[in-house]
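# Tertiary structure, described
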Amino acid sequence: MVEPADRPSAAGQRLSAPESFGVSTLEPGLHPPAQPPGRLVSIRVQMLDDTQEVFQISQRSPGKVLFDLVCVHVNLAEGDYFGLEYQDHRKMTVWLDLLKPTLKQIRRPKNTILRFVVKFFPPDHTQLLEELTRYLFALQIKRDLACGRLICNDTSAALMVSHIIQSEIGDFDETQSWQHLLHNKYLPDQDAIRDKITDCHRNHVGQTPAESDYQLLEIARRLEMYGVRLHPAKDREGTKLSLAVAHIGVLVFQGYTKINAFNWSKVRKLSFKRKRFLIKLRADPAQSAHHDTLEFAMASRDCCKVFWKICVEYHAFFRLFEEPKAKPKPILFTRGSSFRFSGRTQKQIIDYVKDSELKKLPFERKHSKILSHSSMSPQSSSFRSQVPKESATSVQLADQPDSTRLGHRAECNGSEDSPTAAASTANGFRDAAAAAAAPGSDPVQSRQNHRGVGSAPDPHFLNPESPGSEDSPAGSPHAVINGTGPANGSAGVPAQGHLSPLTSPLLTDAGCVRNDDEEEARRKKFPTDKAYFIAKELLTTERTYLKDLQVITESFHAAAAKEESFPDSVKNLISASYDPVHRFHQGFLKEVEQRLAQWEGRSNAHIKGDYQRIGDILLKNIQGLRQLTVHLQKHSECLVELERVCRSGRKAEAVCRDFEQQRVCYLPLNIFLLRPLHRLLHYKLILERLCKHYPPTHEDFRDCRATLADISEMVLQLQGTMMKMENFQKLLELKKDLTGIDNLAIPGREFIRLGCLSKLSGKGLQQRMFFLFSDSLVYTSRGMTPSNQFKVHGQLPLYGMTIRESEEEWGVPHSFTLFGQRQSVVVAASCASEMERWVEDIRMAIDLAEQSSSTDTDLLSTSLSDNKLAEDGGAEPESEEELCGSRSSLERQGHRGNTTVHVCWHRNTSVSMVDFSVAVENQLSGNLLRKFKNSNGWQKLWVVFTNFSLFFYKSHQDDYPLASLPLLGYSVTVPAESENIHKDYVFKLHFKSHVYYFRSESEYTFERWMEVIRSATCSASRSVPSTRKELY
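Attention here is on the structure that accompanies the text. Just so it is clear, the structure is predicted and the values come from calculations on it, not from any experiment.

Each helix and strand counted, the chain has 29 helices and 28 strands in total. Partitioning the contacts of the chain with sequence separation of at least 6, the portion at a separation of at least 24 is 67%. Here the chain has roughly 43600 Å² of accessible surface; of this, 49% comes from carbon and sulfur atoms.

Here it is as structure tokens:
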């Protein structure tokens, strides 16, 4: 246990943390490791920020107990990257063995100081999912630079030190920076490059400490000596060498130059015999059948054993899926060492952090003079991999990490909320209450953004007679808040000290609870005919459609009108094409609303005639809509012209980009432009259901059948344009998500599928985002920049490509090999069904590419085409210009962490163009009652399903959603008896441990919601209508 008297304010110490250990993040719900009985011994540990902590352990406890106490003390979830090292009685630096008793390793604990340092250096720092872990790695790099262990050229050294200074003192000030360099030693020869350091520091204005950590690690990981700990040795000729171990295998150095590397895949066995260290290599079939054995002489047997142990641990940590099991003890004789790696492997760490909902407390940066603290807020681990931004202005719908992006400066708000006020999150959808629970929380914006800090909740929502409000999506631990702002208090909420400014019936479970008996009685008053519910679906979706038209005709028109340089020709074209359609549908909606009111008996008109039908209104209005076909045909022209203007003028592009950041634009702008074409498909499907429901003798059947013939003719007439525009719109959207690619949206290219695959390289399996087009396959990784774009690593032309399943060859489940004309790539899918979809689509795309006359499919920008990427074995850049260049082209872009691409990345799934086309048809709106797993009441919400997501509103009159929930990866089922949901028409959405219940008003609406949600949660099969497959 840490002695309170010896506990200084350390960088690893959590702010506002209780004196006791609380709960360990290593194992959720468990206290610090139990210690065996016995006398307590004090062990002193030096942390990475040079502070020292004293821990009390039992004299018989193993090393793991001490190590877990240290990790619990700093609240470190990814602790297995670290270790405790010390100098033993032979003056050799060794690692603490976690399986052996600590006091059998440390003979004089009073005179020994253990050092908590980084033990395993991953090849890619984006694999570190916690900001605290990246901060500790940055401290390790700082220490290695200062002691001369991390050797590099002056440019890299100056750039790294400039990032360290930026994280410690903030933006460049000539006097302050100069004084800081005089009083702090970051490099052995710092004075010689002091001017270069200050020049680099000037370029980091506005960069937060968390971003500085990221940039520091980005530079360090490219260096040859990154994470290298040299062990002196000699070869058979007596030449002085050094051995080292890394994630890739065993390295050989001469001086500070790497002269050889033995990949783990080539090493058959590592062993030592007395002073000789032996590396036995696998036989190379191309050369000879015998096994090569390399021999190196080290200073002593102990030196050999120390190096052999760290090799065993590195191999297990980076290459194995799980911790190796202990070997059974032999009965008579022992042969060899029983040493094994103890702890979680890298794969286990990543899976654990992604799957866990870890409650994070703020931590203090000891050396940082910037007033703001890094706020480790309780966000889904699957989204912690991005570079955090303090004082953020936006939060993404899907996968927006990091704590400091959502928390911010403590001095902005004078009050501190109780830690219990922090809400949990799941899948990266953070609620506003969580943002407000951090001291001084800013309001955060999603793509839809949100209201100002002072706006009060809707008064009718506080009325006990209004729909219940105890479980708003804004309070959901799985939903992104972008709607209501805070109020200073709320009626009907129990007083519990100082409430968060976002506490209101909308955002908490404390609001009025719906009376279910009243709800059932109200429901029984309405018609039960299926035709009524089909007509009601027409009404609810028409309301959403009209709101979407207003985004173009009102909101975007107003935004474009403010920019004088925006071409009048484009503004006039959009107005002339969309305003008549908008006016027409305003009248159509009024007629449908009146008819439904008559059908429900809410007016006296039903006394005078039979109004329980909808076909007559549809027939009249669809015939009127045919007169607007000329305007519908121009919508594709509007999309093309808008793209041309954005490509040719930066100001027009900025108008569109800024508009997409507004809360009213909850989808990409181009999708709104295609909404009128999509709506024709909805009318056709609704009419098909009506005709199927009515018998031929029904009075409404004739009108519905005539209307269906008219709308089918319109759909057939516009279908070719619709498919081309869907593909064009998708290419434009992907262009915004990718960096390092040229001329994506060109005639003839068709998008086919995007999604996650693991690519096998020298570093092992690495997650990559693949984009399949009709002429090439592009693979990318997620860029850690404010723009959230994906960085292109390479492309494989499909012309001449072959594909072969290779699970047995590589020993990787669900893997297959792509053989291209220039290179071959081995990839693995997450499951067998994903692999089948990819293989089927790639084979189809290969057929399309071979049918095409053109073989020139180079998508990559010149810089990417000319430079071999490090991932594929080439040299990585190390100059300041190259290291900074990856950010410069992206900083102009807006945040794009809420797109389908990012959801696929974090849910490890894929989506095809067929899925997008089916999603266009499967759109739905209406009222649902929503309930969380642990809440009691049901809350009425207006819910819109579109673009693979649910969008939540207080009512259909709202202009923008309060929250959203992307559904890719979720499953939809019916609650089991054990869940005690004793209501009709309830369906359940769940993803891992995240559960929602939704309740509809009728069997028809229940089936419709299940149908459309399944279309988003399950990839479309190839049994879709042939007309949709013609997209390819």
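Turning to the packing of helix 21 (residues 701–737) against helix 27 (residues 913–921), a few remarks are in order. Relative placement of two packed helices is described by the angle separating their axes and the distance separating the axes. Two elements in contact, helix 21 and helix 27, have axes separated by 11 Å at closest approach and are oriented at 115°. Taken as a pair, helix 21 and helix 27 cross one another with a handedness that is right-handed. In this structure, helix 21 contributes E726, N727 and K730 to the contact, and helix 27 contributes M913, F916, S917 and V920. Residues of the contact of helix 21 with helix 27, tallied by class, amount to three nonpolar, two polar and two charged.

Judged by pairing direction, the sheet is mixed, and its five strands sit side by side in the order 2-1-5-3-4 without closing on themselves. The open sheet terminates on both sides in strands that have one partner only, identified here as strand 2 (52–58) and strand 4 (93–95). Across the sheet, the mean angle separating the axes of adjacent strands is 40° when strand polarity is ignored. Here strand 1 (residues 40–46) pairs with strand 5 (residues 113–118) via three bridges, running parallel. Residue pairing for strand 5: V45 is matched across the bridge by L114. Relative to strand 5, helix 3 (residues 131–146) is tilted by about 110°, and along the sheet it contacts strand 1, strand 3 (82–87) and strand 5.

Formed by 99 residues in total, the largest nonpolar core has its most connected members in F82, F116 and F277. Sorting elements by how many residues they give to this core places helix 8 (residues 301–319) first, with ten residues. When neighbours within four sequence positions are excluded, F116 is seen to be in contact with V45, Q46, M47, L48, F67, V70, L76, F82, G83, L84 and L136. Counting 78 residues, the second largest nonpolar core, distinct from the first, contains I534, A560, V570 and Y1004.

On to the environment of V41. Considering the arrangement of structural elements, one finds V41 in strand 1. Judged by relative accessible area, V41 falls into the buried class, the value being 8%. When the C-alpha positions of V41 and V54 are compared, they lie 9.8 Å apart, and in sequence the two are 13 residues distant. If sequence neighbours within four positions are ignored, V41 has contacts with F55, Q56, I57, Q59, L103 and P109.

Okay, a nonpolar patch on the surface next. On the surface, a nonpolar cluster with roughly 260 Å² of combined accessible area is contributed by I151, L230 and Y256. Its location among the elements puts I151 in the loop between helix 3 and helix 4 (154–169).

Right, let's get into the packing of aromatic side chains. Aromatic ring pairs: the centre-centre distance and the angle between the two ring planes describe each pair. With the rule as written, the count across this model stands at 35 aromatic pairs. Taken together, a centroid distance of 5.6 Å and an interplanar angle of 20° make the contact between F987 and F998 stacked. Remark: F998 occurs in strand 28 (residues 994–999) and F987 occurs in strand 27 (residues 986–991); sequence separation between them is eleven residues. Given the relative accessible area of 1%, F987 is considered buried. Using a relative accessible area of 1% as the deciding quantity, one classes F998 as buried. An aromatic cluster is present here, built from F67, Y81, F82, F116, F120, F121, F137, Y226, Y314, F317 and F318 joined pairwise through their rings. In this arrangement the basic side chain of R753 is found over the ring face of W838, its NZ or CZ atom lying 5.9 Å from the centre. In this arrangement the basic side chain of R999 is found over the ring face of W938, its NZ or CZ atom lying 5.3 Å from the centre.

Turning our attention to the sheet that holds strand 24 (residues 949–953). Paired through their backbone hydrogen bonds, the strands of a sheet run either parallel or antiparallel. Here we have seven strands laid out as an open sheet, ordered 25-24-23-22-28-27-26, and antiparallel in their pairing. Each of the sheet's edge strands pairs with one partner strand only, and the pair in question is strand 25 (963–966) and strand 26 (971–973). Pairs of neighbouring strands in the sheet enclose a mean axial angle of 35°, with direction left out of account. Alignment of strand 23 (residues 939–946) against strand 24, held across five bridges, turns out to be antiparallel. Residue pairing across strands places T946 opposite S949, the latter belonging to strand 24.

So, on to helix 28 (residues 1003–1017). Taking 1.5 Å of rise per residue, the 15 residues of helix 28 would be expected to cover 21 Å, and the 21 Å separating its terminal C-alpha atoms lies within 8% of that figure. Among the 15 residues of helix 28, eleven are classified as buried, and the element is accordingly described as predominantly covered. Those residues of helix 28 that sit buried are Y1004, T1005, F1006, R1008, W1009, M1010, V1012, I1013, S1015, A1016 and T1017.

Burial analysis of strand 16 (residues 776–782) places seven of its seven residues in the buried class, which makes it a mostly covered element. Along strand 16, one buried face is formed by S776, V778, T780 and R782 and the opposite face, lined by L777, Y779 and S781, is buried too. Here strand 15 (residues 764–773) folds back onto strand 16 in antiparallel fashion, the turn holding two residues. For strand 16 and strand 17 (residues 790–797), the ladder comprises seven bridges, and the chain directions are antiparallel.

Attention now goes to the pattern of salt bridges. Taken as a whole and judged by the stated rule, the model has 43 salt bridges. In this structure, R1008 and E537 form a salt bridge, with 2.9 Å as the shortest nitrogen-oxygen distance. Of this pair, R1008 sits in helix 28 while E537 is found in helix 13 (residues 530–562), placing the two residues 471 residues apart along the sequence. A relative accessible area of 6% places E537 in the buried class. E641 is the partner of R644 in a salt bridge, and the nearest nitrogen-oxygen pair spans 2.7 Å. Of this pair, R644 and E641 are both found in helix 17 (residues 635–648), three residues apart, which corresponds to roughly one turn of the helix.

Reading the values: rules and limits
- Residues numbered from 1 in each chain as written.
- Predicted model: local features only at pLDDT ≥ 70, side-chain atom pairs only at ≥ 80, totals over all residues.
- Heavy atoms only, no water.
- Helix = DSSP H or I, 4+ residues; strand = E, 2+ residues; numbered from the N terminus.
- Contact = heavy atoms within 4.5 Å.
- Areas by Shrake-Rupley, 256 points an atom, 1.4 Å probe, with all protein chains shown as cover.
- Axes fitted to C-alpha atoms, helices over the stretch in contact; angles between N-to-C directions.
- Left-handed = near helix turned anticlockwise from the far one by under 90°.
- Nonpolar A, V, L, I, M, F, W, Y, C, P; charged D, E, K, R; others polar.
- Pairing = 2+ DSSP bridges.
- Core = buried A, V, L, I, M, F, W, Y, C linked by side-chain atoms within 4.5 Å.
- Buried < 20%, exposed > 50% of the residue type's maximum accessible area, 1.4 Å probe, protein only.
- Patch = residues over 30% accessible without salt bridge, like charges linked within 9 Å, V, L, I, M, F, W, Y side chains within 5 Å.
- Salt bridge = Lys/Arg side-chain N within 4 Å of Asp/Glu carboxyl O.
- Phe/Tyr/Trp six-rings, centres within 6.5 Å; stacked < 30°, edge-to-face > 60°.
- Lys NZ or Arg CZ within 6 Å of the ring centre and 35° of its normal.
- Expected span 1.5 Å × (residues − 1).

Keep in mind that these numbers describe shape and distance, not what the molecule does.
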